[in-house]
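# Observations on the model geometry
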Amino acid sequence: MKLSPQTSRVNLGMMWTWALWLFPLLCKFSLAALPAKPENISCVYYYRKNLTCTWSPGEETTYTQYTVRRTYSYGRKHDNCTTNSSASENRASCSFFLPRITNPDNCTIEVEAQNADGVITSDMTYWHLEGIAKTEPPEIFSVKPVRGIKRMIQIEWIKPELAPVSSNLKYTLQFRTVNSISWLEVNFTKNRRDTDQTYNLTGLQAFTEYVIALRCAVEESKFWSDWSQEKMGTTEEEAPCGLELWRVLKPAEADGRRPVQLLWKKPRGAPVLEKTLGYNIWYFPENNTNLTETMNATNQPLELHLGGESYWVSMTSYNSLGTSPVATLRIPAIQEKSFRCIEVMQACLAEDQLVVKWQSCALDVNTWMIEWFPDMDSEPPTLSWEPVSQARNWTIQQDKLKPFWCYNISVYPMLHDKVGEPYSIQAYAKEGVPSEGPETKVENIGVKTVTITWKEIPKRHRKGIICNYTIFYQAEGGKGFSKTVNSSILQYSLEALQRKTSYAVQVMASTSAGGTNGTSIHFKTLSFSVFEIILITTLIAGGLLLLIILTAAYGLKKPNKLAHLCWPSVPNPAESSIATWHGDDFKAKLNLKESDDSVNTERILKPCSTSSDKLVIDKLMVNFGTFLQEISTDKSKISQENNLGGEKNENRIFSSCPTSI
């Protein structure tokens, strides 16, 4: 059938109308965010109070209301509990209260979450009230020892008031000593008809204070009550337990007797509060029990003065209740040689403990004595000691040792009554950076070498085991260098330095925690080495010696010529041709002046020769001024040739004695 155009237009209009009406509904359905489904539902029945259920709500984006639907009385009744995400801080929990709670009973729980976009319901859960019942904690009112029964305390408590009358109660009792942080537990059950609410805790230490706590639960329930308030009690006192003995052997005195410091302490695990009134000590030579000596002490250490032979020392402690078992110790003879079996030993840190391990070549040695004390420069050490059995390691808590202190640790092997040779090491419970650096000096400064020396840091400033030293040096305005050496080296020679150069040097001491630099010092290398100075001096001295030898040899071979070179001959003025120029008048004047000027001549010409020729020269020099005047007034009758001859004679006179004028 063919539709008319008008009918088609009507159908198309209706389709658009339906589309416009459905579009908002489709958009709303596609944008709807249903609440998250509640998960992990858990319920607890607080006996005679309420039934509380909790769940995991999931992530909430809008206002959500939760409704807990419950059936009870074995499914015959039902009720609801409502909460919401905005009105309740504990929006993921809801409680049902009396009187709509009966026990015993079975119930079902489901949680419904609803928001503006819809509703979603959790899975159904099933609960038996006795299996989820939780009571109040019991109240301890007495912790005391039982007279005549050692190492036991009796705990008495009050049963929770709201505990189920129809059910048995199970208990957990936890206890520890006052100084401990580790709890021990004991579990037991009390019948619902049992009116005796007590428990005897045995196997404890004598005269020791304990801390007690208790909790309970319905026998069928998986929920325990909270712990009760803690209560303390002390076991009965008894006679002291045995002692542990040790000794410190000192050098023998001049009279042959040897001081021995005797030490003792309670064994590990002994009662903390044990009272001791005193100690009985007796000792005797190993081969002669008739020479037994006894004494009493109330404190330690105790010093005994024993002979050179081996001794046995015995000790007991006592109080008002009795005497401890006897503890004995053998003191070796002075000349006795001890055995050695420890091959190697090392110390390391493990978490919060210091661990010492060693290896022994003697398989039959299973007992060891550990000694440790701080290695200080000034203070006398306080010795601590502890025996170890069936092990080749020893541990101590770090908080029992002082940080940054060096400790000497020694391990003594013990075989029966004999003590072997100890093996000792040093260790730190905690290492730090040294508080000061090494004190440095320079020695043997050369042209290209120098020796750097330094002193060990005092023990109180090391704060750790020095593992190495580092030498830093740098030329003025140049590049820095460093050299590292192990801790056993206290000097180092620097080489390949520059001649006549200033250097700065300092030494750093390092532990495992870091290093500290010492003070910086300066030095300057030499221009010439000692060898070079000796070589130059030797060459110069050798040259001079060779010159002297050659001169002496030349003088021996040609003595006249050498004398002529050293003492040249001086011409005699009396034999000069000058005297002939004026004839007898000049000679007479020369003789007349001789006596008048003799004193002046001696003063002025003293450095000249004392020979007869020298006197003539002196007289000639004194009257030389007069002679020059006469020469200047001479007539031209003296020829030029004679004048030249006179000048030559003057030059010869002045050159022969220049310092006499």
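The structure displayed is predicted, hence computed values, not measured ones.

What follows deals with the UniProt feature "transmembrane region" (unreviewed entry) in the protein chain. According to UniProt, the feature "transmembrane region" (unreviewed entry) maps to residues 533–556 in the numbering used here. Span residues 533–556 is 100% helix and 0% strand, its end C-alpha atoms 35 Å apart.

Below, the discussion takes up the pairing of strand β29 (residues 393–397). Of the two faces of β29, only one is covered, namely that formed by Trp394 and Ile396; the face formed by Asn393, Thr395 and Gln397 stays uncovered. Examined bridge by bridge, strand β26 (residues 353–360) and β29 share five bridges and lie antiparallel to one another. Directly across from lysine 357, in β29, lies its bridge partner asparagine 393.

Attention now moves to the sheet that holds strand β18 (residues 258–265). An order of β17-β18-β21 is seen for the three strands of this open sheet, with the pairing classed as antiparallel. Since the sheet does not close on itself, it has two edges, and those belong to β17 (244–249) and β21 (302–306), each with one partner. Strand after strand, the sheet turns through a mean of 30 degrees between neighbouring axes, direction not considered. Bridge analysis of β18 against β21 gives five bridges, and the strand direction is antiparallel. Among the inter-strand pairings, glutamine 261 is bridged to a residue of β21, identified as glutamate 303.

Now for the nonpolar core. Core analysis: the biggest nonpolar cluster contains 42 residues, and Leu51, Ile155, Leu201 and Ile212 have the highest contact counts within it. With five residues, the top contributor of residues to this core is strand β15 (residues 209–218). Once residues within four sequence positions are removed from consideration, leucine 201 is found in contact with Arg151, Met152, Ile153, Ile155, Leu173, Phe175, Val186 and Ile212.

Another aspect to go through is the side chain of serine 142. The topology assignment puts serine 142 in strand β10 (residues 139–145). Residue serine 142 is classed as buried on the basis of its relative accessible area, which comes to 12%. Apart from residues no more than four positions distant in its own chain, serine 142 is found in contact with Gln154, Ile155, Glu156 and Lys231.

Another point: the environment of cysteine 107. Mapping cysteine 107 onto the fold places it in strand β6 (residues 106–115). Beyond its immediate chain neighbours, meaning those up to four positions away, cysteine 107 contacts Leu51, Arg70, Thr71, Tyr72, Thr125, Tyr126, Trp127 and Leu129.

Below, the discussion takes up the sheet that holds strand β13 (residues 184–190). Judged by pairing direction, the sheet is antiparallel, and its four strands sit side by side in the order β13-β12-β15-β16 without closing on themselves. Whereas interior strands pair on both sides, the edge strands pair on one side only; in this sheet they are β13 and β16 (231–234). Strand-to-strand twist in this sheet, taken as the mean axis angle between neighbours without regard to direction, amounts to 30 degrees. Relative to β16, β15 is paired through four bridges, and the arrangement is antiparallel. When the bridges of β16 are listed, isoleucine 212 appears paired with lysine 231.

Rules used throughout
- Residues numbered from 1 in each chain as written.
- Predicted model: local features only at pLDDT ≥ 70, side-chain atom pairs only at ≥ 80, totals over all residues.
- Heavy atoms only, no water.
- UniProt positions renumbered as here; feature names shortened; annotations may be inferred.
- Helix = DSSP H or I, 4+ residues; strand = E, 2+ residues; numbered from the N terminus.
- Buried < 20%, exposed > 50% of the residue type's maximum accessible area, 1.4 Å probe, protein only.
- Pairing = 2+ DSSP bridges.
- Axes fitted to C-alpha atoms, helices over the stretch in contact; angles between N-to-C directions.
- Core = buried A, V, L, I, M, F, W, Y, C linked by side-chain atoms within 4.5 Å.
- Contact = heavy atoms within 4.5 Å.

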